[in-house]
Amino acid sequence: MKKYERLIPKLIEHMKNSQEWGSFWPFAHLPFAYNESAAMDYFPLTMDEALKRGFRWRDEEEKAPSVEKVIPASQLPDRIQDIPDDVLQWVITCETSGKSFRIIKQELDFYRRMHLPLPREHPEARHKRRMGMRNPYKLWMRSCSKCGNKIETSFAPERKENVYCEECYLKEVY
Ligand SMILES: [Zn+2]
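Residues numbered from 1 in each chain as written. Predicted model: local features only at pLDDT ≥ 70, side-chain atom pairs only at ≥ 80, totals over all residues. Heavy atoms only, no water.

Draft legend 1. A look at the pattern of salt bridges. According to the stated counting rule, one finds 10 salt bridges in the structure shown. The partner of aspartate 85 in a salt bridge is arginine 112, with the nearest N and O atoms 2.7 Å apart. Note that aspartate 85 is positioned in the loop between strand 1 (69-72) and strand 2 (90-93) and arginine 112 in helix 4 (residues 105-114), a separation of 27 residues in sequence. (Salt bridge = Lys/Arg side-chain N within 4 Å of Asp/Glu carboxyl O. Helix = DSSP H or I, 4+ residues; strand = E, 2+ residues; numbered from the N terminus.)

Draft legend 2. Unusual backbone geometry, seen in detail. A positive phi is found at glutamine 19, a non-glycine position, where the angle reads about 65°. Checked against the element boundaries, glutamine 19 lands in the loop between helix 1 (2-17) and helix 2 (39-42). The exposure class assigned to glutamine 19 is exposed, which follows from its relative accessible area of 68%. Unusually for a residue other than glycine, histidine 115 sits at a positive phi of about 55°. Position of histidine 115 relative to the elements: it lies in the loop between helix 4 and helix 5 (123-132). (Buried < 20%, exposed > 50% of the residue type's maximum accessible area, 1.4 Å probe, protein only.)

Draft legend 3. Geometry of the domain arrangement of the protein chain. According to the domain assignment, the protein chain contains domain 1 (69-132) and domain 2 (140-173). One C-alpha centre belongs to domain 1, the other to domain 2; they are set 39 Å apart. (Domains from an automatic or database assignment.)

Draft legend 4. Spatial organisation of the pairing of strand 4 (residues 140-143). One ladder, built from four bridges, connects strand 4 with strand 5 (residues 150-153); its direction is antiparallel. If you follow tryptophan 140 over to strand 5, its bridge partner there is threonine 153. Joining the antiparallel neighbours strand 4 and strand 5 is a turn of six residues, in which glycine 148 adopts a positive phi near 85°. (Pairing = 2+ DSSP bridges.)

Draft legend 5. Broad picture of the nonpolar core. Counting residues in hydrophobic clusters, the biggest one holds 16 residues, and the most contacted among them are Val87, Ile92, Ile103, Leu108 and Leu118. Those elements that provide at least two residues to this core are strand 2 and helix 4. Setting aside chain neighbours within four positions, we find isoleucine 92 in contact with Ile71, Ala73, Leu76, Val87, Lys99, Ser100, Phe101 and Ile103. (Core = buried A, V, L, I, M, F, W, Y, C linked by side-chain atoms within 4.5 Å. Contact = heavy atoms within 4.5 Å.)

Draft legend 6. Quick look at the coordination of the zinc ion. Around the zinc ion, the protein supplies Cys144 (SG), Cys147 (SG), Cys165 (SG) and Cys168 (SG) as donor atoms, at distances of 2.3 Å. If you look at the zinc ion, its four donor atoms make angles of 100 to 116° with each other, and the shape they trace is tetrahedral. Read from N- to C-terminus, the donor residues coordinating the zinc ion fall into the pattern C-x2-C-x17-C-x2-C. Here cysteine 168 lies in helix 6 (residues 166-173) and cysteine 144 lies in the loop between strand 4 and strand 5, a separation of 24 residues in the sequence. In this pair, the class of cysteine 144 matches that of cysteine 168, namely buried. (Donors = N, O, S within 2.8 Å, 3.2 Å for Na, K, Ca; no water. Tetrahedral: all angles 85-135°; square planar, octahedral: opposite > 155°, others 65-115°.)

Draft legend 7. Quick look at the environment of serine 143. By the element assignment, serine 143 lies in strand 4. For the pair formed by serine 143 and phenylalanine 155, sequence separation is 12 residues and the distance between their alpha carbons is 11 Å. Residues in contact with serine 143, not counting those within four places in the same chain, are Gly148, Asn149, Lys150, Ile151 and Val163. Within the structure, serine 143 has its side chain in polar contact with the side chain of lysine 150 (distance 3.3 Å). (Polar contact = N/O pair within 3.5 Å; in protein donor to acceptor, adjacent residues only side chain to side chain.)

Below, the structure is given as structure tokens:
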């Protein structure tokens with residue numbers, strides 16, 4: 001502990017000289033590549049742009065799995081009751097990205113218990129679609145649909161939803 005206390009002012013001085021002090025973690029130490037992180041969801045970059053800015057990039061290579069059968073998602077039965085246990089041995093081809101994915105036993109049990117059909121998209125495609133439903137990281141000035149007060153909202157003006165100010169919203173829900 002004493003050693004640490006003695007070392008600290010030196011470290012700070014060094015970091016100030018090298019202009020690291022107060023800055024974000026150097027990109028080289030980030031545990032994930034840019035395209036694997038949530039940054040890619042909100043601030044998408046091409047591989048070239050990311051590398052130019054000093055980020056890492058990682059493409060997952062698709063390994064050919066040893067399976068009994070490859071089935072295009074469009075050929076999956078619609079009803080979960082019609083899905084045989086064998087599906088766990090199959091590879092499904094995503095209907096939007098063309099990527100291969102598999103269903104695991106726990107997942108199949110869950111879909112059966114909840115009476116849900118099997119997904120037809122690769123997990124990444126599903127994630128992308130869900131992200132597409134979120135509002136953008138941008139605020140617009142609008143008027144509250146109830147009292148007319150000016151508010152900032154992530155709902156763009158051309159959207160048809162009613163947008164309430166905080167006060168009107170709280171009155172409405174409680
Ligand atoms: Zn209001």
